Amino acid sequence: MDPSRAFVTNVKRLIVKVGTAVVTRSDGRLAVGRLGALCEQLKELNSQGYEIVLVTSGAVGIGLQRLRYRKLVNSSLAELQNAQFELDGKACAAVGQSSLMALYDTLFSQLDVTSSQYLVTDTEFRDTSFRKQLSETVKSLLSLKVIPIFNENDAVSTRRAPYEDSSGIFWDNDSLAGLLAMELKADLLVMLSDVEGLYSGPPSDPNSKLIHTYIKEKHQCEITFGDKSRLGRGGMTAKVNAAVCAAYAGIPSVITSGYATDSIIKVLQGKCVGTLFHRDAHLWTLVKELGVREMAVTARKCSRQLQAMNSEDRRKILLDIADALEANESLIKIENEADVTASQNDGYEKSLISRLSLKPGKISSLAKSIRVLADMEDPIAQVLKRTELADGLILEKTSSPLGVLLVIFESRPDALVQIASLAIRSGNGLLLKGGKEAKRSNAILHKVITSAIPENIGEKLIGLVTSREDIPDLLKLDDVIDLVIPRGSNKLITQIKNSTKIPVLGHADGICHVYVDKSAKVDMAKQIVRDAKIDYPAACNAMVYSVPIGSQETLLLHKDLSSNGLLNELVSDLQHEGVTVYGGLRASSLLNIPETHSFHHEYSSMACTIEIVDDVQAAINHIHQHGSSHTDCIITENHEVAETFLHGVDSAAVFHNASTRFCDGARFGLGAEVGISTSRIHARGPVGVEGLLTNRWILRGSGQVVNGDKGVIYTHKDLPLQTPL
């Protein structure tokens, strides 16, 4: 449950307001399907014990449609040729009201729910005895599980324009809903619209963003409202005014979509849907925003203290972390086993549990990789290039940390260790958000690592984000977070890329191909294919990368291999190892195996697709069409063919006669990796320390000025590298 929606646990009585755009279609006719779904939601909530009061618009829109038709059939030919149907809104309301209520009655009756009707006007609410009687009648109906349906009686209302003056008590069905929420002492007001909630501007504007929590002090002057309701008298302005009035009277309000079939149920489940209005929102929302911002700001401050240390002291931090991990291995194992057991009980997929489990020897392996990282040359403040710009004017290009990294990862707790050690080695501050399935593992690993960081740096150099609800706020901090690195499913990475202005480094798919050429050695081909597929199927450099959403990797085979038996041997070997083999159009026919539905479907189990290609160029074309530019391999003894493949495949890593499983930061000698990037900007392939660095320019002079370049003689001479003073 979203913490900001915790109030729903105390909700018993709720007011539901349905807008005209929900009740009717774009042509003005009744939206029977949407109303049916709404009534089903209310029936379910009614049976769960909720007390529901419905406020509905739509009578004017329905009446308008019916009277237009009546006007049409009663018009003469001359009138039809110059058709101008000016219809009175009050007449429309009078005609449409009966149709609207008849439909509600029919729908609720089918669900064994009884409803009642209230037609009210602004004037009636001036009478205190009317208000008292109204409350008593509604209370009596609710005790019998009857759903009262309210509507402003537009047919006899004396008010002509909403908000024309301040003398009225309510002005439309939106303000009526807010008034009833206060009058009937409701616990929640839900207002259904034709959009997901309140946006910062017109919803049709691509730059508009959904506001999840409305803060009057912040949003009142920032929001640009769009057009009024298509047929009703209100619109988003009216809904916001009603929601604000109710919220500040102590009744939480939510504006959300009435097009969704379960929006009210989701609100009552505490899910973050629509826009929430709450009188305390300015307090706990600002605290939350300050919390994640403070975490990022503190990480930057600690990183600058880390950068100010000498190289040997930074190296010692890594060595201390490696020692601490080994010293606490038994405790880490207990917490990790608890996560694994919980995930198994919750029915998680085997591939996720495989990535979650810290298998025997893993802690020792992680400690070893950290020590390798510690023994590497210090990457910070390295002089990459020295140039004499002019006499006595020396320019140095130096390596520099990026600043603050936000890494969001799923399943693998060992990723936390690798990322933290790389951040320390590169002098960066770090915020980590792991998956809930590894909550205990991540917590103990974070505690062990930060306990080894000296006090003069501060354990807040590495922050552990524990709430998923904090992610949207973190992704807004483009002024204090410098790079986001998502590690996980295609869905996770795509969502993050679409939700932030911060640069994102990573790959959405782990699609790796192995192409076996006609000149390949049989034993070598079988060995590499087996390793690429079976060594660790859950890894992103496997021939099948096991994530829930992605694409399927393919074993590409030269057409001539069918004549020497290698093709059949490879298929048999894979099937013998428990791999389910699918075929492309050519391979499925030749090998009599099931045809794959798409080369862009990835199986989250031991499965792969095989396809036959004519030659190396066909293999390259297939990889470019279906691959993700991750890691691709050719097995061949033909040097010319190999070079064609190596230079023709545009992937982050391209191998000749070697398993795709070698695409790994530790195996590349990087010590560790924060992930593998398939982007073409900044780091590409396994991202180690160098991928977490940027450049700074340091210019040393002796009083030189530009002055229009008068008297400056540029030499632009390359100088030998040397360590800066």
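My aim in this report is to walk through the structure given alongside it, one point at a time.

Scoring rules and cut-offs
Residues numbered from 1 in each chain as written. Predicted model: local features only at pLDDT ≥ 70, side-chain atom pairs only at ≥ 80, totals over all residues. Heavy atoms only, no water. Axes fitted to C-alpha atoms, helices over the stretch in contact; angles between N-to-C directions. Helix = DSSP H or I, 4+ residues; strand = E, 2+ residues; numbered from the N terminus. Parallel < 35°, antiparallel > 145°, perpendicular 65-115°, else oblique. Left-handed = near helix turned anticlockwise from the far one by under 90°. Contact = heavy atoms within 4.5 Å. Expected span 1.5 Å × (residues − 1). Buried < 20%, exposed > 50% of the residue type's maximum accessible area, 1.4 Å probe, protein only. Pairing = 2+ DSSP bridges. Phe/Tyr/Trp six-rings, centres within 6.5 Å; stacked < 30°, edge-to-face > 60°. Lys NZ or Arg CZ within 6 Å of the ring centre and 35° of its normal. Arc of directions from axis to C-beta. Polar contact = N/O pair within 3.5 Å; in protein donor to acceptor, adjacent residues only side chain to side chain. Core = buried A, V, L, I, M, F, W, Y, C linked by side-chain atoms within 4.5 Å. Salt bridge = Lys/Arg side-chain N within 4 Å of Asp/Glu carboxyl O.

**What about the packing of helix α24 (residues 616–626) against helix α25 (residues 639–648)?**
Okay, so step 1: For the pair α24 and α25, interaxial distance at closest approach is 10 Å and the crossing angle is 20 degrees. The orientation of α24 relative to α25 falls into the category roughly parallel. Seen from above, α24 lies across α25 with right-handed handedness. Seen from α24, the contacting residues are Val-616, Ile-620, Ile-623 and His-624; seen from α25, they are Val-641, Thr-644, Phe-645 and Gly-648.

**Section: helix α9 (residues 236–248)**
Quick reminder: α-helices carry 3.6 residues per turn. Residues three or four places apart thus point the same way.
Okay, so step 1: With 13 residues, α9 should reach 18 Å at 1.5 Å per residue; the first-to-last C-alpha distance of 18 Å fits that figure.
Okay, so step 2: What α9 keeps buried is the set Met-236, Ala-238, Lys-239, Val-240, Ala-242, Ala-243, Val-244, Ala-246 and Ala-247.
Okay, so step 3: Gly-250 sits one or two residues past α9 and shows a positive phi near 100 degrees.

**Some words on the side chain of Ser-193**
Okay, so step 1: The topology assignment puts Ser-193 in strand β5 (residues 188–193).
Okay, so step 2: What Ser-193 contacts, discounting residues up to four positions off in sequence, is Val-22, Met-236, Lys-239, Thr-256, Ser-257, Gly-258 and Tyr-259.

**Structural notes on the pairing of strand β1 (residues 13–18)**
Okay, so step 1: Across the six residues of β1, six count as buried, placing the element largely inside the fold.
Okay, so step 2: The two faces of β1 match: Arg-13, Ile-15 and Lys-17 on one face and Leu-14, Val-16 and Val-18 on the other face are all buried.
Okay, so step 3: By the bridge criterion, six bridges tie β1 to strand β2 (residues 51–56) in an arrangement that is parallel. Bridge assignment links Val-18 to a residue of β2, and that residue is Thr-56.
Okay, so step 4: As judged from the five bridges shared by β1 and β5, these two strands associate in the parallel manner. Within β5, the residue paired with Ile-15 across the bridge is Leu-189.

**A word on the sheet that holds strand β14 (residues 483–487)**
Okay, so step 1: Pairing is parallel in the open sheet, where four strands are placed in the order β13-β12-β11-β14. Each edge of the open sheet carries a strand with a single partner, namely β13 (462–465) and β14. Adjacent strand axes in the sheet meet at a mean angle of 20 degrees when their direction is disregarded.
Okay, so step 2: With four bridges joining them, strand β12 (residues 429–433) and β13 adopt parallel strand pairing. Opposite Lys-433, over in β13, you have Val-465 as the bridge partner.
Okay, so step 3: Contacts between helix α16 (residues 413–426) and the sheet are confined to β11 (404–409), β12, β13 and β14, with β12 contributing the most and set at about 165 degrees to the helix.
Okay, so step 4: Here helix α19 (residues 490–497) sits on the sheet and contacts β11 and β14; the angle it forms with β14, its principal contact strand, is near 160 degrees.

**Points about the sheet that holds strand β10 (residues 393–401)**
Okay, so step 1: Taken together, four strands build an open sheet; the order of strands is β23-β10-β9-β24 and the sheet is antiparallel. Each having just a single partner strand, β23 (693–700) and β24 (714–719) make up the two edges of the open sheet. For this sheet the average axis-to-axis angle between neighbouring strands, irrespective of direction, equals 25 degrees.
Okay, so step 2: Here β10 runs beside β23; their pairing, made up of eight bridges, is antiparallel. Residue pairing in the sheet places Leu-395 in a bridge with Leu-699 of β23.

**Examining the packing of aromatic side chains**
Okay, so step 1: Applying the stated rule across the entire model yields six aromatic pairs.
Okay, so step 2: Ring geometry for Tyr-515 versus Phe-645: centroids 6.3 Å apart, planes at 20 degrees, classification stacked. Of the two residues, Tyr-515 is situated in strand β15 (residues 513–516) and Phe-645 in helix α25; the sequence distance between them amounts to 130 residues. With respect to burial, Tyr-515 and Phe-645 carry one shared label: buried.
Okay, so step 3: Above the ring of Tyr-259, the side-chain terminus of Arg-34 is found at 4.0 Å from the ring centroid.
Okay, so step 4: Over the ring of Tyr-248 we find Lys-216, and its NZ or CZ is 5.1 Å from the ring centre.

**A closer look at helix α12 (residues 311–327)**
Okay, so step 1: With 17 residues, α12 ought to run about 24 Å at 1.5 Å a step, and its terminal C-alpha atoms sit 25 Å apart, in line with that.
Okay, so step 2: Within α12, burial applies to Arg-314, Ile-317, Leu-318, Ile-321, Ala-322, Ala-324 and Leu-325. Buried residues of α12 fall within an arc of 165 degrees about the axis and therefore sit on the same side.
Okay, so step 3: Between the side-chain oxygen of the N-cap and the backbone nitrogen of Glu-312 there are 3.1 Å, and the N-cap of α12 in question is Asn-310.

**Details of the nonpolar core**
Okay, so step 1: Formed by 50 residues in total, the largest nonpolar core has its most connected members in Ile-321, Leu-325, Ile-424, Leu-430, Leu-432, Leu-461 and Ile-462.
Okay, so step 2: Top element by residues in this core is α16. It accounts for eight residues.
Okay, so step 3: Each residue touching Ile-462, except ones within four places of it in the same chain, is listed here: Ala-420, Ile-424, Leu-430, Leu-432, His-446, Ile-449, Thr-450 and Ile-453.
Okay, so step 4: By size, the runner-up hydrophobic cluster in this structure holds 38 residues, among which are Ile-15, Ala-186, Val-195 and Ala-247.

**Some points on the pattern of salt bridges**
Proximity of charged atoms lets side chains of opposite charge pair with each other.
Okay, so step 1: Inspection of every chain in the model, using the stated rule, returns 27 salt bridges.
Okay, so step 2: Of the charged contacts, one joins Arg-131 and Glu-183 as a salt bridge, the two residues approaching to 3.0 Å between their closest N and O atoms. Of the two residues, Arg-131 is situated in helix α6 (residues 128–143) and Glu-183 in helix α7 (residues 173–183); the sequence distance between them amounts to 52 residues.
Okay, so step 3: A relative accessible area of 21% means that Arg-131 is categorised as partly exposed.
Okay, so step 4: For Glu-183, a relative accessible area of 19% corresponds to the buried category.
Okay, so step 5: With a closest N to O distance of 3.1 Å, Glu-569 and Lys-526 form a salt bridge.

**Section: unusual backbone geometry**
Okay, so step 1: Positioned with a positive phi, Ala-381 is a non-glycine residue whose angle comes to about 60 degrees.
Okay, so step 2: For Asn-707, which is not a glycine, the phi torsion comes out positive at approximately 50 degrees.
Okay, so step 3: Position of Asn-707 among the secondary structure elements: in the loop between β23 and β24.
Okay, so step 4: Take Asn-707: its relative accessible area is 54%, and that puts it in the exposed class.

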